[in-house]
Amino acid sequence: MVTTVAPAADEVRVVVAAVLDPEVPVLTIEDLGILRDVTLDDAGHVEVTITPTYSGCPAMDAITDDVMTALADHGFDDVGVRLVLAPAWTTDWMSDAGKQKLLDYGIAPPQPRGAGGVLVALSVRCPQCGSADTCELSRFGSTACKSLWVCTVCKEPFDHFKRI
Ligand SMILES: [Zn+2]
């Protein structure tokens, strides 16, 4: 007897991992590092575990809806989305591919944590010209997750995905 459980579980995982973050539509929730687990049980129930990014980020409701919709499109309509708050998400969970996509999109990615977990006061590089000669205009950019910066070289304003 051939089991079909494993391929279905793989499909579920792929479908969920491809869901885009509503605030940064070039990043999938897997790029963002908020997708913790996807399971499919023998009864066909899908359980998706997500750790929210910034607390109170309104994107979570949209992500939950998008996960449900994506799975329903693939015939999985018995879905539970569970939010796990601990351990808390940090920008270190964002994949390198995700950081590169952010940069390509014109958003300065969060800086990496320094050796030993120490926060290093790195300057934020301009995603347009790469200059480190930038300054922060506002703690809050287009969303609470980002701050608004301007490059003093090319004068372009840009979003910086805040590091937490
Ligand atoms: Zn610049």
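All values reported here derive from a predicted model rather than from experimental measurement.

Procedures and definitions
Residues numbered from 1 in each chain as written. Predicted model: local features only at pLDDT ≥ 70, side-chain atom pairs only at ≥ 80, totals over all residues. Heavy atoms only, no water. Pairing = 2+ DSSP bridges. Helix = DSSP H or I, 4+ residues; strand = E, 2+ residues; numbered from the N terminus. Expected span 1.5 Å × (residues − 1). Buried < 20%, exposed > 50% of the residue type's maximum accessible area, 1.4 Å probe, protein only. Arc of directions from axis to C-beta. Contact = heavy atoms within 4.5 Å. Axes fitted to C-alpha atoms, helices over the stretch in contact; angles between N-to-C directions. Polar contact = N/O pair within 3.5 Å; in protein donor to acceptor, adjacent residues only side chain to side chain.

Draft legend 1. Expanded view of the sheet that holds strand β4 (residues 107-108). What the 4 strands build is an open sheet, ordered β4-β7-β6-β5; its pairing is mixed. Edge strands, defined here as strands with exactly one partner in the open sheet, are β4 and β5 (134-138). For β5 and strand β6 (residues 146-151), the ladder comprises 4 bridges, and the chain directions are antiparallel. Looking across to β6, one finds that Ser-138 is bridged to Leu-148.

Draft legend 2. Structural view of helix α3 (residues 59-73). Relative to the 21 Å expected for 15 residues at 1.5 Å per residue, α3 spans 21 Å between its end C-alpha atoms, a close match to the ideal helical length. Within α3 the residues assigned to the buried category are Ala-59, Met-60, Ile-63, Thr-64, Val-67, Ala-70 and Leu-71. The buried residues of α3 all sit within an arc of 140 degrees when viewed along its axis, so they share a single face. Turned more than 90 degrees away from the buried face of α3, the exposed residues are Asp-61 and Asp-73. Following α3 by one or two positions, Gly-75 adopts a phi angle in the positive range, close to 85 degrees.

Draft legend 3. Broad picture of the environment of Thr-134. Here Thr-134 is to be found in strand β5. Owing to a relative accessible area of 14%, Thr-134 belongs among the buried residues under this scheme. Along the chain, Thr-134 and Pro-157 lie 23 residues apart, while their C-alpha atoms are 9.3 Å from each other. When neighbours within four sequence positions are excluded, Thr-134 is seen to be in contact with Val-124, Arg-125, Cys-126, Trp-149, Val-150, Cys-151, Thr-152 and Phe-158.

Draft legend 4. Summary view of the sheet that holds strand β3 (residues 79-83). With respect to topology, 3 strands assemble into an open sheet ordered β1-β2-β3, the strand pairing being mixed. In the strand order of this sheet, the two ends are held by β1 (35-40) and β3, each with one partner. In this sheet, adjacent strand axes meet at a mean angle of 15 degrees when their direction is disregarded. Pairing between strand β2 (residues 46-50) and β3: 5 bridges, direction parallel. If you follow Glu-47 over to β3, its bridge partner there is Gly-80.

Draft legend 5. Quick look at the side chain of Arg-163. Tracing the sequence through the fold places Arg-163 in the segment after β7 (157-161). Polar side-chain contacts of Arg-163 include one of 3.3 Å to the side chain of Asp-92.

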